[in-house]
Amino acid sequence: MASLLILTLFLCFTFTSIHFFSPVSAEPEAKTYIFRVDSFSKPAVFPTHYHWYSSEFTEPVNILHVYDNVFHGFSASLSPSQAASVLQHPSVLASFEDRRRQLHTTRSPQFLGLRNQKGLWSESDYGSDVIVGVLDTGIWPERRSFSDLNLGPVPTRWKGVCETGAKFTARNCNRKIIGARFFSKGHEAAPGFGPIGGGINDTVEFRSPRDADGHGTHTASTAAGRHAFRASMSGYASGIAKGVAPKARLAVYKVCWKNSGCFDSDILAAFDAAVSDGVDVISISIGGGDGISSPYYLDPIAIGAYGAVSRGVFVSSSAGNDGPNGMSVTNLAPWLTTVGAGTIDRNFPAEVILGDGRKLSGVSLYAGKPLNGKMYPIVYPGKSGVLSASLCMENSLDPHLVRGKIVICDRGSNPRVAKGLVVNKAGGVGMILTNGVSNGEGLVGDAHLIPTCAVGANEGDAIKAYISKNPTAAATINFHGTVIGVKPAPVVASFSGRGPNGLNPEILKPDLIAPGVNILAAWTDAVGPTGLDLDNRKAEFNILSGTSMACPHVSGAAALLKSAHPDWSPAAIRSAMMTTASLVDNRLQPMTDEATGKPATPYDYGAGHLNLDLALDPGLVYDLANEDYVSFLCAIEYGPKTIQVITKSPVNCPMRKPLPENLNYPSIAALFSTASKGVSSKTFFRTVTNVGDTNGLYRVKIEAPKGVTVSVKPAKLGFSEKIRKLSYYVTITVDSKNLVLNDSGAVFGSLSWVDGKHVVRSPIVVTQMSPL
C-alpha cells in the first residue's frame, strides 16, 4: 500500500518546464516519463530488457531510451492513460516526468598551483590516458585545443563510439576526442519541443555531436584542452590556452540543444552510455533552473551520478548560478562533487567617465571601435518607472529618448549582451550595465557588440544619482584591455550557488570552489562570442563566466589525480581536493565574497578554493563506499524501494537508524534545534585513510566556532604499515545562551589533522534549525 502511494505521488509530481510549453489541447498530449524497473523481474523468455518492456504495453508506444548501466528502466512518450497502466505493473518501482534542465553558464591552471616542471602535472603526465566524459552541448572538433598531436593510442579499455551526423564524421574523432555521441529522443518527444513544437531546428542546430552553442566546446577544453599558443578573445586574455588535464582523452556526450536546454531522459541515457563506454571522470555543468532541488530519487542527475560513482567514476557538477542568495546551491547528492565559482587574478577593466570628472570602474570585453574619449548624453530609461525599459527588454526603448546617447540598463531578465542590441536598435551609441542589489558588486566580462561597461550596484547608483541632478549629464567609456596580478583573488563570485544544503543540511554544499569568472577556452564557429543570432563574428576562443566554467576545472583536476593515483576512489579524490583547499587570497587574507566585500564562509566556498599544489599529497583522505551512501539514504528515511530507485540493487536498512551526519564526509555540519535550551551536544564519527608516509603521526588542531566547544577523541592518530585506517569522534557542544549566529544563520570553524608536513582540514558548520 505504501509503495502504491509513493508511485501515485510520483505520477502527480509535475514539473513546470513541461507544462509551460504544452499547447492547449482537448486530449491530454503525450509526455515523456522515466520508469525505474526492477530488472530482476525480467522473465527469461525475453532476450533483452527492450523486448520485455515493449511487450508489457497493450498497444505500441514510443520507447525512447532503455537504461542498463547506471539505472534499470526506460523512458517513453506516453498518454496519461498509458502511464497509469504502466505504473500498475508490479515490476515498476517508480516513475517521474521528464524535466528540462539548464546549462550553468588560459590562466586558471597556473592559478590552481599547476606548474610545468614539478607537481601534479608532471606526476600525472598531464592526465595522459584518463578519459573525461563531458555531458554538454557537444564539441567543435577542429579547434587546436583538441589536437591529438603526440598523443599515444586510444586506451584499450575504451568501448565507446564516434557517432556521425550533420557536419560530423568519423574523422572528427581522433586520439584526443576518442568518442562522441548525441542524445535527442527525450528532447524531440517533449511537449513544445517535439513534433508539435518543431523539434530540433536544423537551421541553427546539428543532429550530431557538433556544438552549435559553444558551451560544450568551452567546458571540454577547460577540463582537457591541449596547449594552444597565441590564444585570445579579440585580443583579450592573450597567451597560451590550456586545459587542466591537457593530455586527458575526451568523450563527448551531447545532451543539451541550442535554445531548448537538456532533458532528463537524455541526460540519464548519456550517463548510462558513458559508464558503459569506460570513462573515468564525468563533467556535467547542468542543473535545475527553477530554484527547486528535487529529492534524489526524483533527480536523474543524482541517479545517473550514483550509478557512475558506484562504478568508480568521479562526477563533477556545477553548483548553479543563483547566488548570492542563501540555499541556492544545486546538485546536492553527497556522491556528487559540487563546485562553486571564484575569480582569478586577471580582469578586463573599463571605466565610465562622467561629465563632472568622476571615474567609475567596471569591466568589459568590448573589442570594437572605441568612443575615444568623446562625451555623449547619458539617459536612464528606468527613470520612467517602467520595468521593461529599465531592463532594456526588446522593443521597450523609445528611440526619441535614447538616440545618440549612452543608455543605462539594469541587469536581469534578458541576457546582458542582448540589452546592448536593444540599445543599438533604438539608436543608442553605448551602454552602462548596472547591477542591482542582488548582484552587488559582482561583475563578469561580456563581448558586447556596442561600447559597454558593466558596473557594480554602488557605481550604478552613483551614475543614476548624477543623472537625476544634471539635465545635461554626459559620459564616455574607456577600455583598458587585460590586467593580470589583480588583488584580491580568488574572491567568491557573486552568482555562485550558496549553502546551506536545501535537502540535507548535514552535508555541506558546495564542496569547494574553482575558477569560474572570465575563463578563456575554445569556442564554436556556429555562433559569435555573445551567442546571439545577430552576432556573426568568428572566435576560436571565448571568455565565459559561471559555475559551468568552475566545474570542468575540478573535472580536469580529478583526471590528474586519477592518473597520479589510479587506486583512489571518487570519494578519495574529492577528499584530497577538499582537505587541501585554500582559504586565503593572493594577499594572504581570508577570501571575501564578491557580492558584499565581506569575508566569505563555508556556505559560500565549501571547504575552500581548489589548490592542486597540495591535493597530489593530501596525507589523509575520507573515503566512502557504496554501502556508506546506502546507509546515508536509510538515515534520511528513504525506504528500501525508494533507495532501489537510486541504487538499482535491493537494499535493507538496519534496524537501528543511522545518522546522516555520520556519513564519512570531509566536512562537519552540526544542526541543533532552536527548541533546545541550555547546553546541547552532538557527536560525529569519522574515519581517515593514510595515503601519505607509511608511518605517520597526526595531531588534531581545532579552531572552534565562536561560542562552541569542540573536542576530539583520540587527539592523536598513529599510522603504520599495518594500520592504514583510523577513526575518531568529534563532540560539538553549544550553549544556547552563548551561541550567536552570523548573518547566514551559522558559525564556522575547522578541524585539522597535522603531522608537520600535511594539514588535513575539515570545515565545521554549526547552526540552529526549527524542529519539523
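Regarding the pairing of strand β19 (residues 359-363)
Two strands pair when backbone bridges link them, and strand β18 (residues 349-354) and β19 are joined in this way by five bridges, in the antiparallel orientation. When the sheet's bridge partners are listed, Val 352 is paired in β19 with Leu 360. Connecting the antiparallel pair β18 and β19 is a turn made up of four residues, with Gly 357 showing a positive phi of about 95°.

Describing helix α20 (residues 640-647)
The α-helix advances 3.6 residues per turn, and as a result positions three or four apart in sequence lie on the same side. For α20, the tally of buried residues reaches six of eight residues, placing the bulk of the element in the interior. One or two positions beyond α20, positive phi appears at Lys 648, with a value near 75°.

Overview of the environment of Cys 162
Here Cys 162 lies in the loop between β6 (131-136) and β7 (177-182). Classification of Cys 162 by relative accessible area gives partly exposed; the value is 23%. Residues Cys 162 and Ala 180 lie 18 residues apart in sequence; the distance between their C-alpha atoms is 4.7 Å. Excluding residues within four positions of it along the chain, Cys 162 makes contact with Phe 168, Thr 169, Ala 170, Cys 173 and Ala 180.

Side note on the packing of helix α19 (residues 626-635) against α20
Where α19 contacts α20, the two axes come as close as 10 Å, and the packing angle between them is 140°. Between α19 and α20, the angle falls in the class oblique. Considering the relative orientation of α19 and α20, their crossing is right-handed. Across the interface between the two elements, Val 630, Leu 633 and Cys 634 from α19 touch Ile 643, Ile 646 and Thr 647 from α20.

A word on the sheet that holds strand β34 (residues 716-718)
Within the open sheet, the five strands sit side by side as β30-β37-β36-β32-β34. Their pairing is mixed. Pairing within the sheet leaves two strands with one partner each, and these edge strands are β30 (668-673) and β34. For this sheet the average axis-to-axis angle between neighbouring strands, irrespective of direction, equals 20°. The pairing of strand β32 (residues 697-703) with β34 spans three bridges and is antiparallel. Residue pairing across strands places Tyr 698 opposite Leu 717, the latter belonging to β34.

Section: the state of the cysteines
Within this structure, the stated rule accounts for four disulfides. There is a disulfide in this structure between Cys 162 and Cys 173, and the S-S distance comes to 2.0 Å. Residues Cys 162 and Cys 173 share a disulfide whose torsion about the S-S bond is about 85°; that sign makes it right-handed. Of this pair, Cys 162 sits in the loop between β6 and β7 while Cys 173 is found in the loop between β6 and β7, placing the two residues 11 residues apart along the sequence. The class for Cys 173 is buried, based on a relative accessible area of 14%. Each sulfur of the disulfide joining Cys 392 and Cys 409 lies 2.0 Å from the other.

Overview of the side chain of Thr 219
Within the secondary structure layout, Thr 219 lies in helix α8 (residues 215-224). We classify Thr 219 as buried; its relative accessible area is 2%. Within polar-contact distance, the side chain of Thr 219 engages the backbone oxygen of Gly 216 at 3.1 Å. Contacts of Thr 219, omitting those with residues within four sequence positions, involve Val 134, Asp 136, Ser 285, Ser 548, Met 549 and Pro 552.

Notes on helix α14 (residues 457-469)
An ideal rise of 1.5 Å per residue puts 18 Å on 13 residues; α14 measures up with 19 Å between its terminal C-alpha atoms. Here α14 has its buried residues at Ala 457, Gly 460, Ile 463, Tyr 466 and Ile 467.

Some points on the pattern of salt bridges
Note that side chains of opposite charge can pair when their charged atoms are close. Evaluated as defined, the whole model comprises 26 salt bridges. Measuring nitrogen to oxygen at the nearest pair gives 2.7 Å for the salt bridge that ties Asp 129 to Arg 249. Note that Asp 129 is positioned in the loop between α6 (120-123) and β6 and Arg 249 in strand β10 (residues 249-254), a separation of 120 residues in sequence. We classify Asp 129 as partly exposed; its relative accessible area is 33%. For Arg 249, a relative accessible area of 1% puts it in the buried group. Linking Arg 498 and Asp 604 is a salt bridge whose minimum nitrogen-to-oxygen distance equals 2.9 Å. With Arg 498 in the loop between β25 (483-484) and β26 (512-515) and Asp 604 in helix α17 (residues 602-605), this pair connects stretches of sequence that are 106 residues apart. Here Asp 604 falls in the buried class, since its relative accessible area comes to 9%. It is possible to trace a salt-bridge network through shared partners that takes in Arg 101, Asp 264 and Asp 299.

Details of the sheet that holds strand β1 (residues 31-37)
Ordered by their spatial adjacency, four strands build an open sheet running β2-β3-β1-β4, and the pairing between neighbours is antiparallel. Two strands close off the open sheet at either side, each with one partner strand: β2 (62-67) and β4 (92-97). If you compare each strand with its neighbour and ignore which way they point, the axes differ by 20° on average. Both β2 and strand β3 (residues 73-78) contribute to a ladder of five bridges, which runs antiparallel. Opposite Ile 63, over in β3, you have Ala 76 as the bridge partner. Contacts from α20 reach β1 and β4, with the element oriented near 65° to β4.

Some points on the nonpolar core
Counting residues in each nonpolar core, the largest one holds 65 residues, and the members touching the most others are Tyr 253, Phe 271, Tyr 296 and Trp 335. The greatest single-element share of this core, amounting to eight residues, is contributed by helix α9 (residues 264-277). Counting 46 residues, the second-largest nonpolar core is a separate cluster that includes Val 244, Leu 250, Ala 341 and Ala 576.

So, the confidence of the model for the protein
Do not read the fine detail of predicted coordinates wherever pLDDT is low. Overall, the predicted model of the protein reaches an average pLDDT of 88, with 91% of residues at or above 70. Contacts from residues 1-27, a stretch scored under 50 in pLDDT, to residues over four places away or in other chains number 41 contacts.

Digging into the pairing of strand β31 (residues 679-690)
Relative to β31, strand β29 (residues 620-621) is paired through two bridges, and the arrangement is antiparallel. Of the residues in β31, the one forming a bridge with Leu 620 is Asn 690. Pairing analysis gives 11 bridges linking β31 to strand β35 (residues 725-735), with the strands arranged antiparallel. The residue of β35 that forms the bridge with Thr 687 is Ser 727.

Criteria and cut-off values
- The numbering scheme is per chain: residues are counted from 1 as the chain's sequence reads.
- Thresholds applied to this predicted model are a pLDDT of at least 70 for local features of residues and 80 or more for the giving and counting of side-chain atom pairs; totals over whole chains, interfaces and linings are not thresholded and use all residues.
- In computing side-chain values, all of the structure's heavy atoms are included and hydrogens and water are not.
- A pair of strands is considered paired only if DSSP assigns at least 2 bridges between the two.
- Secondary structure counts use DSSP, requiring at least four H or I residues in a row for a helix and at least two E residues in a row for a strand, with both numbered from the N terminus.
- Burial classification: accessible surface area is computed with a 1.4 Å probe over protein chains only, and a residue below 20% of its type maximum counts as buried, one above 50% as exposed, and the rest as partly exposed.
- The contact rule is simple, with two residues in contact once any of their heavy atoms fall within 4.5 Å.
- Helix axes use the C-alpha atoms of the stretch in contact, all axes being lines fitted to C-alpha atoms, and the angles between their N-to-C directions lie in the range 0 to 180 degrees.
- Between 65 and 115 degrees an angle is taken as roughly perpendicular, under 35 as roughly parallel, over 145 as roughly antiparallel, and anywhere else as oblique.
- The sense of a crossing depends on the near helix, which, turned anticlockwise from the far helix by less than a right angle, makes the crossing left-handed and, turned clockwise, makes it right-handed.
- Working definition: a disulfide is two cysteine sulfur atoms within 2.5 Å of each other.
- Polar contact is defined as a pair of N or O atoms within 3.5 Å, subject to the rule that within protein one atom must be able to donate a hydrogen and the other to accept it, and that residues adjacent in sequence are counted only when both atoms are side-chain atoms.
- Take the number of residues in a helix, subtract one, and multiply by 1.5 Å to get its expected span.
- By definition here, a salt bridge exists when the distance from a side-chain nitrogen of Lys or Arg to a carboxyl oxygen of Asp or Glu is within 4 Å.
- The criterion is simple. A nonpolar core is a set of buried Ala, Val, Leu, Ile, Met, Phe, Trp, Tyr and Cys residues joined through side-chain atoms within 4.5 Å.
- Along the chain, pLDDT gives the predictor's confidence residue by residue, from 0 to 100.

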